[in-house]
Amino acid sequence: MNFLKFLKRYPLIMAFVVSIAVANIWDLVQNAKKIEDPATTMAQTTTQPAETTLATGQPLVTETTAPAAVFQTVDDSYFSDALFIGDSRTEGLALYGSLTNADFFSSVGLSIFKVTEKAAGNPNTGESVTLSQKLAQKQYGKVYIMLGLNELGTGTTESWAQTYAGVISQIRQAQPNAIIYLQSILVVAASQDNPGGAINNATVNARNQALEALANPQDNIYYLNVNEAVMDANGCLDASLTSDGIHLLGNSLSLWEDYLKQHAIVPGGTGTAGNYTDDLHYRSYEHSGCAVM
């Protein structure tokens, strides 16, 4: 039986054989192309690496997002090795708050421009020392800073942030193992918000954004937006919490303290259901001011 007779008698078999042959030839052609273009093969068989190479041969490091900071809820004992640095608002916290186991370096009128020069200390003891002397007294586990109100009309946001960064650097050198918390400047009440004057919430918010940018979790420096605990719906200090539109009343300090207790970094902590997690570098409000009510 010759080939033509076989083809006529068994056409389906021959069609099946031919289709298999064509498929094999197609696979061979595709494999040959992959061998000629190894970059295509690598892209199809490997996941995207953390570091790739440009056509120029220079390494391209892909940008990664820093993990969110996990804040844990703590009790008063957390502040037994804490130092609070600040102006009259911090002084009020020292005198009328409940964190009596913490240490303080505060003074009425203190600013970021004067904090390294002006004598201050713990108002409960009448202490009067320089910041460098205070930082040399002991090793603190945490350092909380809240400065910025008294210099709202001084310098630019950029010069203010640059000076603040220098103060952070000085604190880090003296306290290499401390967690440093950058507390937001508290906004003022509507009655004190003066868009045309030195004290206004637009400037407060601009400087808080600059302050947030100084946070560096890799160096244990965290931004805390304390305004979340004391602001009203218009982005001002809640008028019911203050008598002068600037300072918190003694019975309102617990809101500030509770916020700090709910936003604590605990070395080696694993987190619990009561933890709070914010985006890097933490939320800041974008209110440019508030309506006078």
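Up top is the structure these notes are about.
Numbers given to residues run from 1 along each chain, matching the order in which its sequence is written. In keeping with the predicted nature of the model, local features appear solely for residues at pLDDT of at least 70, side-chain atom pairs appear and are counted solely at 80 or more, and the whole-chain, interface and lining totals rest on all residues. Side-chain numbers come from the whole structure's heavy atoms, not from hydrogens or water.

K.L.:
Just give me the short version of helix H9 (residues 253–262), but keep the residues and values in it.
P.N.:
Along an α-helix, a turn takes 3.6 residues, which lines up residues three or four apart on a common side. A simple rule labels every residue: compare its accessible area, found with a 1.4 Å probe on the protein chains alone, to the largest value its type can have, and call it buried under 20%, exposed over 50%, or partly exposed in between. A helix here means a DSSP run of H or I that spans at least four residues, while a strand means a run of E at least two residues long, and both kinds are numbered starting from the N terminus. Restricting attention to buried positions, one finds in H9 the residues Leu253, Trp256, Glu257, Tyr259, Leu260 and Lys261. Along its buried surface, H9 packs onto strand S4 (82–86), helix H4 (88–96), strand S6 (142–146), strand S7 (179–183), strand S8 (221–224) and helix H8 (227–230). Should any heavy atoms of two residues lie within 4.5 Å, those residues are counted as being in contact.

K.L.:
How would you explain the environment of Thr130 if you had to name every residue and give the values?
P.N.:
When you line up the elements, Thr130 lands in the loop between strand S5 (103–106) and helix H5 (131–137). The spacing of Thr130 and Thr116 is 14 residues in sequence and 6.7 Å in space, taken between C-alpha atoms. Contacts of Thr130, omitting those with residues within four sequence positions, involve Phe105 and Lys118. Each polar contact in these results corresponds to two N or O atoms within 3.5 Å; when the atoms are within protein, one needs to be able to donate a hydrogen and the other to accept it, and residues that are neighboring in sequence are counted only if both atoms are side-chain atoms. At 3.2 Å, the side chain of Thr130 and the side chain of Ser132 are in polar contact.

K.L.:
Describe in detail the pairing of S8, supporting the description with residues and values.
P.N.:
Going residue by residue along S8, you find Ile221 and Tyr223 tucked away on one face and Tyr222 and Leu224 tucked away on the opposite face as well. With 4 bridges joining them, S7 and S8 adopt parallel strand pairing. Bridge pairing in S8 places Tyr181 opposite Tyr222. Once you follow S7 into helix H7 (residues 201–213) and on to S8, the crossover reads as right-handed. If DSSP finds at least two bridges between two strands, the strands pair. Place the viewer so that the strands point away; then a crossover is right-handed whenever the path from the first strand over the helix to the second strand goes clockwise.

K.L.:
Can you explain the packing of aromatic side chains? Please cite residues and give values.
P.N.:
Here the aromatic set is Phe, Tyr and Trp, taking the six-membered ring for Trp, and pairing holds for ring centres within 6.5 Å; pairs whose planes are under 30 degrees apart are stacked, those over 60 apart are edge-to-face, and all others are tilted. Throughout the structure, instances matching the rule amount to 9 aromatic pairs. For the pair Phe84 and Phe104, a centre-to-centre distance of 5.3 Å together with 20° between the ring planes defines the contact as stacked. Of this pair, Phe84 sits in strand S4 while Phe104 sits in strand S5; the two residues are 20 residues apart in sequence, bridging distant segments of the chain. No difference in accessibility class separates Phe84 from Phe104, as the two residues are buried. Consider the rings of Phe84 and Tyr144, whose centres lie 4.6 Å apart with planes at 10°: the pair is stacked. Taken together, the positions of Phe84 in strand S4 and Tyr144 in strand S6 put the pair 60 residues apart, joining distant regions of the chain. Among the residues examined, Phe84 registers a relative accessible area of 1% and is labelled buried. Aromatic ring contacts, followed pair by pair, group Phe71, Tyr78, Phe79, Phe84, Phe104, Tyr144, Tyr181 and Tyr222 into a single cluster. In this scheme, Lys NZ or Arg CZ marks a charge over a ring once it lies within 6 Å of the ring centre and within 35 degrees of the ring normal. Looking at Lys142, its charged tip hangs above the ring of Tyr78, at a distance of 3.9 Å from the centre.

Functional significance is not addressed by these values, which are geometric in nature.
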